[in-house]
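Results of the structural survey
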Amino acid sequence: MQERKEAGRGHAPASLETIDVAVHFQGVRAIDGVSLTLNLGEILGLIGPNGAGKTTLVNVLTGFQQPARGSVRMGGEDITGLVSYKRSRLGLARTFQNVLLFGGMSVIENVEAGAIACGLDRHAGRRRAWETLEWLGLAHLAEARADTLPFGEERRIGIGRALCGRPTFLLLDEPAAGLNTAECDELLTIISGIRKEFGCGVLLIEHKMPLVFGLCDRIQVLDQGRTIALGVPTAVAADPLVRQAYLGDEVA
Ligand SMILES: Nc1ncnc2c1ncn2[C@@H]1O[C@H](COP(=O)(O)OP(=O)(O)OP(=O)(O)O)[C@@H](O)[C@H]1O
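A brief look at the structure comes next. Just so it is clear, the structure is predicted and the values come from calculations on it, not from any experiment. (Residues numbered from 1 in each chain as written. Predicted model: local features only at pLDDT ≥ 70, side-chain atom pairs only at ≥ 80, totals over all residues. Heavy atoms only, no water.)

**Quick look at helix 4 (residues 107–116)**
- With respect to burial, helix 4 is a largely interior element, 7 of its 10 residues being buried.
- Looking at helix 4, one finds that the buried residues are Val107, Ile108, Asn110, Val111, Glu112, Gly114 and Ala115.
- Residues of helix 4 that are buried make contact with helix 5 (122–136) and helix 6 (151–163). (Buried < 20%, exposed > 50% of the residue type's maximum accessible area, 1.4 Å probe, protein only. Helix = DSSP H or I, 4+ residues; strand = E, 2+ residues; numbered from the N terminus. Contact = heavy atoms within 4.5 Å.)

Okay, structure coming up:
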């Protein structure tokens, strides 16, 4: 296991950061000066009400959205102007709120695509895809067409595709949306296994609080494009501003 954790890690960057990032859409301040640090080996929760700016921040981190102000750094190096496929090759992977699998392709081809996007050739990519599916307990689905899968499995395949490039930093955008309780429990085991097995930093955007509070080392809370709290789960759960803006009495 340790071998797998260190494989390909080399001199992995120790952190992924945004520094004072701002994004505006036609006058809407989607992000208004947010700094965030995701460390290697930690699970950081990013939570907040609908429209708080969480997905926009992930888009900035992955290069899908250029900020109007501020910078993105990986291992201290400025990557703000780097296009997203180059960020993938540096070890940055994400999943999407809508799974976005290639419907007409098989499961193994979908997962392999994640490795090829990170620079592996087809042969190595296929081998890596098998390893990934086996690790997720989904190898029996390898030859199935992606668009025939139930929603919960589709989501896990989406995670497998992101994981297949063995990212240093993995950004999960609402991975539990639409999952039932049993599937959420499975997801919790997968995410904590990802950190243990692959040692990457995981950014978890989620509205399902049991998952966030059960998994995260630290939690950052956004509201209207700004950070209103950042800290360990117990401190965030007790923060009056967070309870007022988002949590209510959900987490005691
Ligand atoms: N492409 C866009 N064009 C215009 N406005 C946008 C665009 N993308 C996001 N916004 C606006 O920016 C703000 C932040 O949106 P964002 O999707 O980042 O929030 P979020 O915290 O991820 O919300 P949710 O929890 O609902 O996914 C919202 O007001 C949203 O309407």
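Here the narrative resumes.
**Quick look at the pattern of salt bridges**
- Applying the stated criterion across every chain yields a total of 10 salt bridges.
- The salt bridge partner of arginine 145 is aspartate 147, with a shortest N-O separation of 2.6 Å.
- According to the relative accessible area criterion, aspartate 147 is partly exposed, its value standing at 43%.
- Across the salt bridge formed by arginine 156 and glutamate 186, the nearest N and O atoms sit 3.8 Å from each other. Here glutamate 186 lies in helix 7 (residues 181–198) and arginine 156 lies in helix 6, a separation of 30 residues in the sequence.
- Take arginine 156: its relative accessible area is 16%, and that puts it in the buried class.
- Here the residues in one salt-bridge network are Arg29, Asp32 and Arg226, joined through shared partners. (Salt bridge = Lys/Arg side-chain N within 4 Å of Asp/Glu carboxyl O.)

**So, helix 5**
- Here helix 5 is 15 residues long and its end C-alpha atoms lie 21 Å apart, about the 21 Å a rise of 1.5 Å per residue gives.
- Looking at the packing, one finds that the buried side of helix 5 touches helix 4, helix 6 and helix 7.
- Capping of helix 5 at its N-terminal end is provided by aspartate 121; its side-chain oxygen lies 3.2 Å from the backbone amide nitrogen of histidine 123. (Expected span 1.5 Å × (residues − 1). Polar contact = N/O pair within 3.5 Å; in protein donor to acceptor, adjacent residues only side chain to side chain.)

**A few points about the environment of phenylalanine 25**
- Along the chain, phenylalanine 25 falls in strand 1 (residues 15–25).
- When the C-alpha positions of phenylalanine 25 and alanine 113 are compared, they lie 32 Å apart, and in sequence the two are 88 residues distant.
- Setting aside residues no more than four positions away along its own chain, phenylalanine 25 makes contact with Ala30, Thr56 and Gln65.

**Examining the state of the cysteines**
- Following the criterion strictly, the structure yields 0 disulfides and no others.
- Looking at the unpaired cysteine 184, the closest cysteine sulfur is the one in cysteine 216, lying at 14 Å.
- For cysteine 200, which is in no disulfide, the shortest distance to another cysteine sulfur is to cysteine 118 and amounts to 12 Å.
- Given a relative accessible area of 0%, cysteine 200 falls into the buried group. (Disulfide = S-S within 2.5 Å.)

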